[in-house]
Amino acid sequence: MRRLLVMFLALASLAQAHAEGKVSGPDASCSYTLANGDTYQIPAGQNLCWRVPPPSYKVYTLLRCDPPFQELSRVQQGDGRCNKYEERQ
């Protein structure tokens, strides 16, 4: 009976450790939220071009998701390094 109890406890602790490993694993994406509450996910390794506040409507900040976002440089609209532009264009 003791062996059965020990085996059960060992199996339960292994299952719990496996479940905690899945929950606490690193998230391989970055997210951003617009003023209206919409949230978007960007996969790790992708670039996002975020519009600079007015009056510069054609200037963007090039961000790279490593995660978290890292600012690389300022670019013009249509730059080939941008995988995605922010959704409020």
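See the structure printed just above.
(A) Layout of the environment of Arg-81. With respect to the secondary-structure elements, Arg-81 resides in the loop between β5 (69-76) and β6 (84-85). Overall, the relative accessible area of 44% leaves Arg-81 in the partly exposed class. Sequence spacing of Arg-81 and Cys-49 is 32 residues, and the spatial spacing of their C-alpha atoms is 8.7 Å. Setting aside chain neighbours within four positions, we find Arg-81 in contact with Asn-47, Leu-62, Ser-73 and Val-75.

(B) The state of the cysteines, seen in detail. Counted under the stated rule, the structure contains two disulfides. Paired through a disulfide, Cys-30 and Cys-65 show a sulfur-sulfur distance of 2.1 Å. Taking the torsion about the sulfur-sulfur bond, which here is approximately 95 degrees, the covalent link between Cys-30 and Cys-65 counts as right-handed. With a gap of 35 residues between them, Cys-30 in strand β1 (residues 29-33) and Cys-65 in strand β4 (residues 59-65) connect regions that are remote in the sequence. Across the pair, exposure class does not vary: Cys-30 and Cys-65 are buried alike. A sulfur-sulfur separation of 1.6 Å characterises the disulfide bridge that pairs Cys-49 with Cys-82. Taking the torsion about the sulfur-sulfur bond, which here is approximately -60 degrees, the covalent link between Cys-49 and Cys-82 counts as left-handed. On the criterion of sequence distance, the pair formed by Cys-49 in strand β3 (residues 47-51) and Cys-82 in the loop between β5 and β6 is long-range, its members being 33 residues apart. Among the residues examined, Cys-49 registers a relative accessible area of 0% and is labelled buried.

Cut-offs used in this document
Residues numbered from 1 in each chain as written. Predicted model: local features only at pLDDT ≥ 70, side-chain atom pairs only at ≥ 80, totals over all residues. Heavy atoms only, no water. Helix = DSSP H or I, 4+ residues; strand = E, 2+ residues; numbered from the N terminus. Buried < 20%, exposed > 50% of the residue type's maximum accessible area, 1.4 Å probe, protein only. Contact = heavy atoms within 4.5 Å. Disulfide = S-S within 2.5 Å.

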